[in-house]
Amino acid sequence: MMEQKLQKYKIALDNRERKEPKRNEGKEKLRVIFLTGLTSLFLIIIILVTLPLTVLTWSGLFVYSSIVALVIFLFVLLFRYFSILVMAYLYLTKYTVESKEGYYPFISIIVPVFNEGKILRNSIESLLDIEYPNYEIIIVNDGSTDNTAKVAEEVVGYQQGRTALVKVSLINKPNGGKSKALNAGIQYSEAEFVLCMDGDSQLSANTLKMGIRHFIDPNVGAVAGNVKVENRKRILTDLQALEYVEGLNMPRSAQGFIKMVNIIPGPIGIFRKSALRDAGYYSSDTFAEDADITLKILEKGWKINYEPNAMAFTEAPVKLHQLLKQRYRWTRGILQAIRKHKKHILNPTINFNNTLILWSMFYEALLWPAMNIFANLFFIVAAFYGMSSLVFFWWVGIMLLDMMAAIYCIAAEREEFRLVPYSIFYRLIFILLIDITKAMATVEEFLGISMTWGKLERSGSSSQTVIAKSPSVGVRNKKV
Amino acid sequence: MELIPILSLIVLVATISTFILAVGAYILYKVRERKGKAAQAPQPSSIPAELISPTPVIAEQHTGAGMRRTYEEPYPTRDRVTEYQRSPMYEQQRAQAGPEMRPTYVSSPPPSTGSSGRYATSAEDRYSTSERKKFMRYTKDGYVEPTKEIEKKKKEDQLKWR
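Rules behind the numbers
- Residues numbered from 1 in each chain as written.
- Chains lettered and ligands numbered in written order.
- Predicted model: local features only at pLDDT ≥ 70, side-chain atom pairs only at ≥ 80, totals over all residues.
- Helix = DSSP H or I, 4+ residues; strand = E, 2+ residues; numbered from the N terminus.
- Contact = placed C-beta atoms within 7 Å.
- Rg over C-alpha atoms; globule rule 2.2 N^0.38 Å.
- Buried ≥ 20, exposed ≤ 12 C-beta atoms within 10 Å, placed from the backbone.
- Core = buried A, V, L, I, M, F, W, Y, C linked by C-beta atoms within 7 Å.
- Axes fitted to C-alpha atoms, helices over the stretch in contact; angles between N-to-C directions.
- Parallel < 35°, antiparallel > 145°, perpendicular 65-115°, else oblique.
- Left-handed = near helix turned anticlockwise from the far one by under 90°.
- Nonpolar A, V, L, I, M, F, W, Y, C, P; charged D, E, K, R; others polar.
- Expected span 1.5 Å × (residues − 1).
- Bend = angle between axes of the 7 residues up to and from the residue.
- Pairing = 2+ DSSP bridges.
- Right-handed = clockwise from strand over helix to strand, strands pointing away.
- pLDDT = per-residue confidence, 0-100.

A. Highlighting the overall build of chain B. Across its full length, chain B carries 5 helices and 4 strands. Element order for chain B, N to C, with α for helix and β for strand: α-β-α-α-β-α-β-β-α. Taking contacts inside chain B between residues at least 6 apart in sequence as the whole, the part at least 24 apart equals 51%.

Right, here's the structure in full:
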C-alpha cells in the first residue's frame, strides 16, 4: 500500500428515506386472524356435516388428509426442482453462447464496514486485484468501535490496482446500519454504476468485467452475483457451501433466465444508479435490505440479471447458534419485505412479475418450512404406530432427489465434488434445522416480537485466503 | 435382523434429535438476545460524517481525465436509447421520487473528479442535461436544439434561394 497525502472534509449525509404509508398493524393482524379463523370454522363445519356420510373415522380422516397433503407437497417439490433445473440449464446454455465484451464504464465499489478491522485490509487487497480498468473503492465505516477506522485510513489513497491506480476513499459516519452506510457510499459516488458488497466479502478478479456487461441492456437495473462460502473444511460450513450452490445459486440461475432475480445477495450486487434512484435507495425498515431493494427495483419495472462469474467469497457462520441466528434474521427480514410489498401478492394487475416473485418468496419462506416440519412430524408419529419403514423410504426418496440436484449443480458450477456426500444428511438434519428456525421466526414476526440486528463474530479465518487470479465459473479460492 | 427397520430407527432418532436441537438453539438464542436490548433513537434528516480522500492528482485537477478514464461505449446507455425503451417509470413518479441524495460539504469540497460530461458535478446538472436532451433533436452532429436547427435550415434555404 502506498503512503499518500490525505485530505479530510466534514460532510453532511442525507439521512432521509422514502417512507412507506403508515399501516395499522393491529388491525391487519386482527383481519388475518378473523379470515383464517372463519375459513377454519367453515372447513370444520363441512367436515362435521359430511363425515358421518362417509366410511371414515376421525383417525382415518387425519391419516388420509395427511397423506394427501404430503403427496401434494411432494409434487410441488418435484415441480419446483425440475423447473429450476430446466430454467437454470437454459440460462447457463444461453450464457455460454452469448458474448458481450468491451463495455467498461466507471464503477464505484461501496464497502460498508462495522467492526471488520480483522479482515478489512484483506478485503481491500482483493478489491485491488480486480481485473477492470475503471473503478474506485469507497469504504464506509459505520461507527465501528474497533480499529476499523485506523485500518481503513491506512488504505485510503491512490493504490496500485491490477491494471491502473485505484482511488480509495473513506467515509466515517455514526452507526446507523448497513442500509444507511450503503446509502452514504452511493451519495458520495459519482459513477453511473455501483457495486454494493459486505465488508467481510472478497470478490473474484473478473467480477466487474463479467457483471457490468449485463448493463448493455438498458432495461437491466441490477445484477446479482454468485456468493460462495469461503471458510470450508468444516461440516457446518461445507453444508452451507452445498446449500449456497444448490439452494441459492441454482434458483438464481433459473430466475436469471427470466431476468427476475428475487434477492440480490448482500455480499455482491451491481446496480445502475438510476434504478436505485427510482427505487428510493436502501431502506432501514426491514432486516433484509437486500430483499427489499430487489423488490423495489423490480416494482419499478427494471430487470435483474444473474452473473455466475461475478463471485463473492464470504465467511459463513461456524457455530450452530450463529447460523440459526443468521437464518432467523433472514426469514424475518424477507417476511418484512414481503409484507411491505404485499399489495402485489393479491393484485397481479399492478406488476405481474412482482406478484410471481412474491408468491415464490412466500412459498420459500412460509409454506415450504411448514410442510417440511409437518412431513417429519407425521413420519415420527407414524413410526410409533408401527410404520417406521415409511420414515426411511421418505428420507431415501428426498435424499436421492437432493443428491441428483447436488451433482447437477456442482457440475454446472464446477464446484467441489466432495460436497456431494453431504446431501445424504442435508435434508434430514440441516434443512430441517433451518426450517424449524424459519417457522419460529415466522411466528415471532406475526406476533410482532422485537428483534435486534446481531453481528456475526468474525474469526478472521479467511485472512489466509487468496482469490484465484482469473477465475471462471468453478475456479475456487486457494488456500496458501 | 432386517436392515430397513434399523435404518428407519436411525433416521427417526436423527429427526427427533434435530427437532430437540432446533428448539434448544432457539431458546438459547432468545436468552442471549434478551441481554442486550437498546431503544431506537430518532433519525435526523442529515447526519455529520467525515470524508477522507487522497489529494487529487494533477491530471485530475486540470483535465479531470486522470483517474476516471472514459472508454468508448459502443453500446447504448439509457440516455441514448429511445424513450419507449426506458424503464416504465412515469414522469409523475419520477417527480415524486425527490432529489437525488448528494453529500453536503461542510468544509470546502474536493475538486470534481468527473472525467467527461457523463460525470456531472451535481445532480441538478446531470438531471438538466438528460432532461434537456429530451427536447433536443438527435442529428448526425449529436444533440441539437430544435430552434437552432430551424434557424440553420432557414439560412440554408435562403442560400439556396439566392
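B. Representation of the overall build of chain A in the model. For chain A, the count of helices and strands is 14 helices and 12 strands. By the compact-globule yardstick of 23 Å for 480 residues, chain A fits well, its C-alpha radius of gyration being 24 Å. C-alpha extents for chain A along the principal axes are approximately 85 × 50 × 45 Å. Every one of the 480 residues in chain A was classed for burial, and the buried ones make up 48%.

C. Geometry of the nonpolar core. Residues and elements named next belong to chain A. With 132 residues, the main nonpolar core has Ile107, Ile109 and Ile110 as its most contacted residues. The element best represented in this core is helix α14 (residues 423-447), accounting for 10 residues. Residues contacting Ile109, with those up to four places away along its chain left out, are Leu127, Tyr135, Ile137, Ile138, Leu195 and Met197.

D. Local environment of the packing of helix α9 (residues 289-299) of chain A against helix α10 (residues 320-340) of chain A. Residues and elements named next belong to chain A. It is at 8 Å that the axes of α9 and α10 come closest, and there the two elements cross at 25 degrees. When the interaxial angle is binned, α9 and α10 end up roughly parallel. Two packed elements cross with a definite hand, and for α9 against α10 that hand is right-handed. Every residue of α10 that contacts α9 at Ala291, Asp292 and Leu295 is listed here: Gly333, Ile334, Ala337 and Lys340. Each residue belonging to the contact of α9 with α10 can be placed in one class, and the counts come to 4 nonpolar, 1 polar and 2 charged.

E. View of the packing of helix α12 (residues 352-384) of chain A against helix α13 (residues 388-413) of chain A. Residue and element names in this part refer to chain A. Axis separation between α12 and α13 bottoms out at 6 Å; the angle between their running directions is 150 degrees. One finds that α12 runs roughly antiparallel with respect to α13. Between α12 and α13, the contacting residues are Ala375, Phe379, Ala382 and Ala383 on the first element and Ser388, Leu390, Val391 and Trp394 on the second. Split by residue class, the contact of α12 with α13 holds 7 nonpolar, 1 polar and no charged.

F. View of unusual backbone geometry. Residue and element names in this part refer to chain A. Even without being a glycine, Asn115 presents a positive backbone phi close to 50 degrees. In this structure, Arg414 is a non-glycine residue whose phi angle is positive, near 50 degrees. Of the residues examined, Arg414 has 13 C-beta atoms within 10 Å and is grouped as partly exposed.

G. Representation of α12(A). Residue and element names in this part refer to chain A. Here α12 is 33 residues long and its end C-alpha atoms lie 46 Å apart, about the 48 Å a rise of 1.5 Å per residue gives. Of all the bends in α12, the largest measures some 40 degrees and sits at Tyr363. For α12, the set of buried residues is Asn354, Ile357, Leu358, Met361, Ala365, Pro369, Asn372, Ala375, Asn376, Phe379 and Ala383.

H. A look at the pairing of strand β3 (residues 135-142) of chain A. Residues and elements named next belong to chain A. Of all 8 residues in β3, 8 are buried, a share of seventy percent or more. Neither face of β3 is open: one carries Tyr135, Ile137, Ile139 and Asn141, the other Glu136, Ile138, Val140 and Asp142, and all of them are buried. As paired elements, strand β2 (residues 107-113) and β3 share 7 bridges and run parallel to each other. Across the sheet, residue Pro112 finds its bridge partner in β3, namely Val140. Chirality of the crossover, the property in question, places the unit of β2, helix α3 (residues 120-128) and β3 among those that are right-handed. Of the pairings in the sheet, the one linking β3 to strand β5 (residues 165-173) comprises 7 bridges and is parallel in character. Across the sheet, the residue bridging to Ile137 is Val168, located in β5.

I. Examining helix α5 (residues 178-188) of chain A more closely. With 11 of 11 residues buried, α5(A) lies mostly within the body of the structure. Turning to α5(A), its buried residues are Lys178(A), Ser179(A), Lys180(A), Ala181(A), Leu182(A), Asn183(A), Ala184(A), Gly185(A), Ile186(A), Gln187(A) and Tyr188(A).

J. Quick peek at the confidence of the model for chain B. Residues and elements named next belong to chain B. On average, residues of chain B score 61 in pLDDT, and 28% of them are at 70 or above. Long-range and interchain partners of residues 114-128, a stretch whose pLDDT sits below 50, account for 24 contacts in this model, where long-range means more than four residues apart. Model confidence for the complex is summarised by a pTM of 0.75, with the ipTM given as 0.71.

K. The arrangement of the environment of Val443(A) in detail. Here Val443(A) lies in helix α14. In the structure, Val443(A) is positioned 111 residues away from Arg332(A) in sequence and 9.5 Å away in space, judged by C-alpha atoms.

L. Layout of the environment of Leu6(A). Its place among the elements puts Leu6(A) in strand β1 (residues 6-14). Accessibility expressed as a C-beta count within 10 Å gives 14 for Leu6(A), which makes it partly exposed. Taking the C-alpha atoms as reference, Leu6(A) lies 9.5 Å from Ser169(A); in sequence the two are 163 residues apart. When near neighbours in sequence (up to four residues on either side) are disregarded, Leu6(A) contacts Val156(A), Gly157(A), Ile52(B) and Pro54(B).

M. Focus on the environment of Leu401(A). Residues and elements named next belong to chain A. Position of Leu401 relative to the elements: it lies in helix α13. Residue class for Leu401 comes out partly exposed when judged on the 17 C-beta atoms lying within 10 Å of it. Leu401 sits 162 residues away from Leu239 along the chain, and the two C-alpha atoms are 16 Å apart.

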